[in-house]
Amino acid sequence: MTSLPLIPVSPDAPAARRAAMPPRHLADLDLPARQALVAELGEPAFRAKQMSTHYFGRLVRDPASMTDLPAATRDRLAGELLPTLLTPVRELACDDGATRKALWRLHDGSLVESVLMGYPDRVTVCISSQAGCGMACPFCATGQAGLTRNLSTAEIVDQAVYLAGVAASGAVAGSPPRLSHVVFMGMGEPLANYSRVVAAIRRLVAPAPEGLGLSQRHITVSTVGLVPAIRRLASEDLSVTLALSLHAPDDELRDELVPVNQRWKVAEVLDTAWDYAARTGRRVSIEYAMIKNVNDQPWRADLLGKLLAGRLTHVNLIPLNPTPGSRWDASPKPVEREFVRRLRAAGVSTTVRDTRGREIDGACGQLAATGDRDTETPQEATA
């Protein structure tokens with residue numbers, strides 16, 4: 001297998017463009033910090049709660065709509081606490097509007113993506129934690145692009161607040177009008193932006209008006225296997241689900257597919273995941289992209305089943321959504337079914353991820369890869 005270079009993966013490692021971080025936003029702060037800031041600006045502390053109620057409780061992101069604040073006060077506080085973080089570039093929809101993908105331009109020109117997926121019993125959003133990604137997984141569009149920078153806490157949260165507003169508007173027919181689940185499976189490696197991702201989780205689960213009031217158990221954090229960060233997350237007293245992007249059960253192949261495996265091998269990554277499950281009581285999700293003639297052999301299914309049997313885990317097989325010009329392709333359906341059969345025969349809970357968004361460049365990073373070639377005018381299109 002190809003030996004790829006090791007890359008810096010320590011939590012909160014300096015991003016390539018540290019100076020490009022956005023201005024402060026109320027979502028960067030907890031409620032007491034917002035109140036203290038408002039008081040420093042010479043306004044009553046309760047103004048912080050008013051603004052927070054609009055943003056997190058009513059999902060209002062436009063200061064002009066916060067009419068219960070005096071105009072002069074509103075403009076001043078908005079300048080300090082509600083800067084524009086995300087500017088829409090493209091918005092695409094498919095699956096009769098149940099899947100919506102947004103491409104955002106950040107204040108420094110970076111592009112990130114987020115996706116809303118509506119189901120009869122829930123609304124899930126997939127959000128990005130970095131602009132680009134430094135993990136260099138060769139089959140991933142974001143990994144091919146490389147890392148631009150970490151997102152701020154507020155840039156992460158603002159994606160969820162925007163899409164929660166879309167759900168609340170009733171735009172997703174056949175789904176509840178309230179966001180219920182958030183998955184950190186968009187662009188970037190969440191645990192490489194550790195402190196901001198954990199802060200974003202705390203905003204998402206804090207009751208309104210401090211946060212969105214989501215259940216911790218409805219938050220999923222994906223990782224390629226940054227062992228120290230997984231251990232750190234286990235100590236945070238958060239009941240979030242850990243999703244481990246494994247993609248291969250053997251070190252030889254995983255060294256190529258997930259280069260960080262050259263630092264933390266399969267056995268150590270899985271042992272850390274089982275420790276996380278034991279400490280939190282949460283089942284670990286094993287993410288496994290099915291790649292034709294690469295990782296879909298029957299013997300790899302058997303090896304994966306052996307590694308996972310008897311553990312508090314669930315395998316989520318992902319039909320690969322190929323990126324343009326890539327040599328990687330999705331496994332044929334008969335091969336996928338046999339892989340599922342062998343895992344289940346080993347006693348491992350296994351499902352195949354719903355293949356949504358293919359018509360709208362649904363794989364992470366695909367829309368951003370074409371974003372600079374598209375108009376910057378927000379568009380609505382039904383694929």
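What you see is a predicted model; the values in this text were computed from it and never measured.

1. Description of the pattern of salt bridges
Side-chain pairs of opposite charge can arise where the charged atoms are in close proximity.
Part 1 of the argument: Per the stated rule, a full pass over the model turns up 17 salt bridges.
Part 2 of the argument: Between Arg202 and Glu236 there is a salt bridge, with the nearest N and O atoms lying 2.9 Å from each other. Taken as a pair, Arg202 in helix H6 (residues 194–205) and Glu236 in the loop between helix H7 (227–234) and strand E9 (241–245) lie far apart in primary sequence, 34 residues in all.
Part 3 of the argument: Across the pair Asp255 and Lys265 runs a salt bridge whose closest N-O atoms are separated by 3.0 Å. Taken together, the residues Asp255 in helix H8 (residues 251–257) and Lys265 in the loop between H8 and helix H9 (266–280) connect sequence positions 10 residues apart.
Part 4 of the argument: The buried category is assigned to Asp255, whose relative accessible area is 16%.

2. So, the nonpolar core
Part 1 of the argument: One finds Leu179, Val182, Phe184, Ile201, Ile219, Leu226 and Leu257 to be the most contacted residues of the largest nonpolar core, which totals 104 residues.
Part 2 of the argument: It is helix H5 (residues 153–168) that provides the largest number of residues to this core, a total of 10 residues.
Part 3 of the argument: One finds Val115, Met117, Tyr119 and Cys126 within the second-largest nonpolar core, a separate group that totals 5 residues.

3. Concerning the pairing of strand E11 (residues 313–319)
Part 1 of the argument: The buried fraction of E11 amounts to 7 of the 7 residues, a majority that puts the element mostly inside the structure.
Part 2 of the argument: In the sheet, strand E10 (residues 284–290) pairs with E11 via 7 bridges, with the strands oriented parallel. Residue pairing for E11: Glu287 is matched across the bridge by Asn316.
Part 3 of the argument: For the crossover that starts at E10, traverses helix H10 (residues 298–308) and ends in the parallel E11, the hand is right-handed.
Part 4 of the argument: Taken together, E11, helix H11 (residues 333–345) and strand E12 (residues 350–352) constitute a β-α-β crossover, and its handedness is right-handed.

4. Re the confidence of the model for the protein chain
Part 1 of the argument: The predicted model of the protein chain averages 89 in pLDDT, with 87% of residues at 70 or higher.
Part 2 of the argument: Confidence drops under a pLDDT of 50 for residues 1–9, and excluding neighbours within four residues, the segment shows 21 contacts in the predicted structure.
Part 3 of the argument: Throughout residues 369–383 the model reports pLDDT below 50, and contacts reaching past four residues in sequence, or to other chains, amount to 29 contacts.

5. Quick look at the side chain of Asn316
Part 1 of the argument: The topology assignment puts Asn316 in strand E11.
Part 2 of the argument: Given a relative accessible area of 12%, Asn316 falls into the buried group.
Part 3 of the argument: With sequence-adjacent residues up to four places away left out, Asn316 is seen in contact with Ser285, Ile286, Glu287, Tyr288, Thr351, Val352 and Arg353.

6. Considerations on H7
Part 1 of the argument: Where H7 is concerned, the buried positions are Val227, Ala229, Ile230, Leu233 and Ala234. Burial along H7 is one-sided: seen end-on, the buried residues are contained in an arc of 160 degrees.
Part 2 of the argument: Contacts from the buried residues of H7 go to H6, strand E8 (219–223), E9 and H9.

7. Observations concerning the packing of aromatic side chains
Part 1 of the argument: Overall, the coordinates contain 4 aromatic pairs when judged by the stated rule.
Part 2 of the argument: Pairing Trp104 with Tyr162 gives two aromatic rings, centres 4.7 Å apart and planes at 85 degrees, and the pair type is edge-to-face. Here the residue Trp104 occupies a position in strand E2 (residues 99–105), and Tyr162 occupies one in helix H5, the gap between them amounting to 58 residues.
Part 3 of the argument: By relative accessible area, which is 19% here, Tyr162 ends up buried.
Part 4 of the argument: Their ring planes at 40 degrees and their centres at 5.2 Å tell us that Tyr288 and Phe339 sit as a pair that is tilted. Pair noted here: Tyr288 is in strand E10 and Phe339 is in helix H11, with a separation of 51 residues, a long-range link.
Part 5 of the argument: Judged by relative accessible area, which is 2%, Phe339 ranks as buried.
Part 6 of the argument: Against the face of Tyr119 rests Arg122, its NZ or CZ located 4.0 Å from the ring centre.
Part 7 of the argument: Over the ring of Trp328 we find Arg327; its NZ or CZ atom is 4.0 Å from the centre of that ring.

8. Some points on the packing of H10 against H11
Part 1 of the argument: The contact between H10 and H11 brings their axes to 8 Å, and the two run at 30 degrees. On the basis of the axis angle, H10 is roughly parallel to H11. Of the two possible hands of crossing, H10 and H11 adopt the one that is right-handed. Seen from H10, the contacting residues are Pro298, Arg300, Ala301, Asp302, Leu304 and Gly305; seen from H11, they are Phe339, Arg342 and Leu343.
Part 2 of the argument: Taken together, the residues of the contact of H10 with H11 break down into 5 nonpolar, 1 polar and 3 charged.

9. A few points about unusual backbone geometry
Part 1 of the argument: Look at the link from Ala208 to Pro209: it is a cis peptide, with omega at 10 degrees.
Part 2 of the argument: The phi torsion at Asp96 lies on the positive side, around 55 degrees, for a residue other than glycine.
Part 3 of the argument: If you trace the backbone, Asp96 turns up in the loop between strand E1 (87–94) and E2.
Part 4 of the argument: On the basis of relative accessibility, which here comes to 79%, the residue Asp96 falls in the exposed class.

Thresholds, definitions, all that
- Residues numbered from 1 in each chain as written.
- Predicted model: local features only at pLDDT ≥ 70, side-chain atom pairs only at ≥ 80, totals over all residues.
- Heavy atoms only, no water.
- Salt bridge = Lys/Arg side-chain N within 4 Å of Asp/Glu carboxyl O.
- Helix = DSSP H or I, 4+ residues; strand = E, 2+ residues; numbered from the N terminus.
- Buried < 20%, exposed > 50% of the residue type's maximum accessible area, 1.4 Å probe, protein only.
- Core = buried A, V, L, I, M, F, W, Y, C linked by side-chain atoms within 4.5 Å.
- Pairing = 2+ DSSP bridges.
- Right-handed = clockwise from strand over helix to strand, strands pointing away.
- pLDDT = per-residue confidence, 0-100.
- Contact = heavy atoms within 4.5 Å.
- Arc of directions from axis to C-beta.
- Phe/Tyr/Trp six-rings, centres within 6.5 Å; stacked < 30°, edge-to-face > 60°.
- Lys NZ or Arg CZ within 6 Å of the ring centre and 35° of its normal.
- Axes fitted to C-alpha atoms, helices over the stretch in contact; angles between N-to-C directions.
- Parallel < 35°, antiparallel > 145°, perpendicular 65-115°, else oblique.
- Left-handed = near helix turned anticlockwise from the far one by under 90°.
- Nonpolar A, V, L, I, M, F, W, Y, C, P; charged D, E, K, R; others polar.

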